[in-house]
Amino acid sequence: NAGVTQTPKFQVLKTGQSMTLQCAQDMNHNSMYWYRQDPGMGLRLIYYSASEGTTDKGEVPNGYNVSRLNKREFSLRLESAAPSQTSVYFCASSEQIRGLSSTDTQYFGPGTRLTVL
Amino acid sequence: SQELEQSPQSLIVQEGKNLTINCTSSKTLYGLYWYKQKYGEGLIFLMMLQKGGEEKSHEKITAKLDEKKQQSSLHITASQPSHAGIYLCGAVPYSGGGADGLTFGKGTHLIIQP
């Protein structure tokens, strides 16, 4: 099993350009997430999808859109990139079903390092 | 909203020494995860704690959740170079909220000196 895969690994954009970060998981997980990691800020949740067909905003959603294409894939789109979006982006997935008190492990992809000039 | 405070922010330890990293929450912890991140790489799951007073161990790493479920500690015994990296704690935002993403602390940078 590949686990959680992300493409691309590295990307450089100019201000105003658009791009889509791709994420796929092969663990048949229900929930998928997008986080960004910035120096001194830890990981912050951008958007998440608690089940196929649903998406919700996290802590820092402005400037981003997401699509849960199917159970396996969850993409993150930057419509008009800004230097403030320079970051490392992580996708994660878990078996977790919304509302259940049990907690399942979130598995993370290797990350996409994005620089916006 | 929930905030997680990790301490220390960075730690330099001589190889073979023990160390402890703390994670303190502003609210009750309904699920607390510990991850390790090597520089430039993704997050590796270490342990998850859910019950007050719970303790789990894996190899030389032990994680505990206090009885009040507001603080967790990660203890490494006889540290090795392979333990170097960034340690992150992440928390479930509310009971039943495991599908809604995690709130993370800012991380503890651990350096092991030979």
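Keep in mind that what you see is a predicted model, and the values were worked out from it rather than measured.

A. Main features of the pairing of strand β2 (residues 10-14) of chain B. Residue and element names in this part refer to chain B. The alternating pattern of β2 places L11 and V13 on a buried face, while none of S10, I12 and Q14, on the opposite face, is buried. With five bridges connecting them, β2 and strand β11 (residues 108-113) associate as parallel partners. Among the inter-strand pairings, S10 is bridged to a residue of β11, identified as H109.

B. Representation of the side chain of D38 of chain A within the structure. Residue and element names in this part refer to chain A. When you line up the elements, D38 lands in strand β4 (residues 31-38). At 2.9 Å, the side chain of D38 forms a polar contact with the side chain of R44. With residues up to four places along the chain from it excluded, the contact list for D38 reads R44, T86 and S87.

C. Highlighting the pairing of strand β11 (residues 112-116) of chain A. Residues and elements named next belong to chain A. Of all five residues in β11, four are buried, a share of seventy percent or more. As paired elements, strand β2 (residues 10-13) and β11 share four bridges and run parallel to each other. Across the sheet, residue L13 finds its bridge partner in β11, namely V116.

D. Main features of the interface of chain B and chain A. Every contact between the two is made by 24 residues of chain B and, on the other side, 27 residues of chain A. Counting the surface lost from both chain B and chain A, the interface buries some 1,900 Å², and carbon and sulfur atoms represent 53% of this. If you look at where chain B meets chain A, you find zero salt bridges. Where chain B meets chain A, there are five residue pairs in polar contact (both at pLDDT 80 or more). Breaking the side of chain B that touches chain A down by element, the ones donating at least two residues are β4 (32-37) and β5 (43-49) of chain B. Per-class residue counts for the side of chain B that touches chain A are eleven nonpolar, ten polar and three charged.

Reading guide: rules and limits
- Residues numbered from 1 in each chain as written.
- Chains lettered and ligands numbered in written order.
- Predicted model: local features only at pLDDT ≥ 70, side-chain atom pairs only at ≥ 80, totals over all residues.
- Heavy atoms only, no water.
- Buried < 20%, exposed > 50% of the residue type's maximum accessible area, 1.4 Å probe, protein only.
- Helix = DSSP H or I, 4+ residues; strand = E, 2+ residues; numbered from the N terminus.
- Pairing = 2+ DSSP bridges.
- Polar contact = N/O pair within 3.5 Å; in protein donor to acceptor, adjacent residues only side chain to side chain.
- Contact = heavy atoms within 4.5 Å.
- Buried area = accessible area lost by both parts, 1.4 Å probe.
- Salt bridge = Lys/Arg side-chain N within 4 Å of Asp/Glu carboxyl O.
- Nonpolar A, V, L, I, M, F, W, Y, C, P; charged D, E, K, R; others polar.

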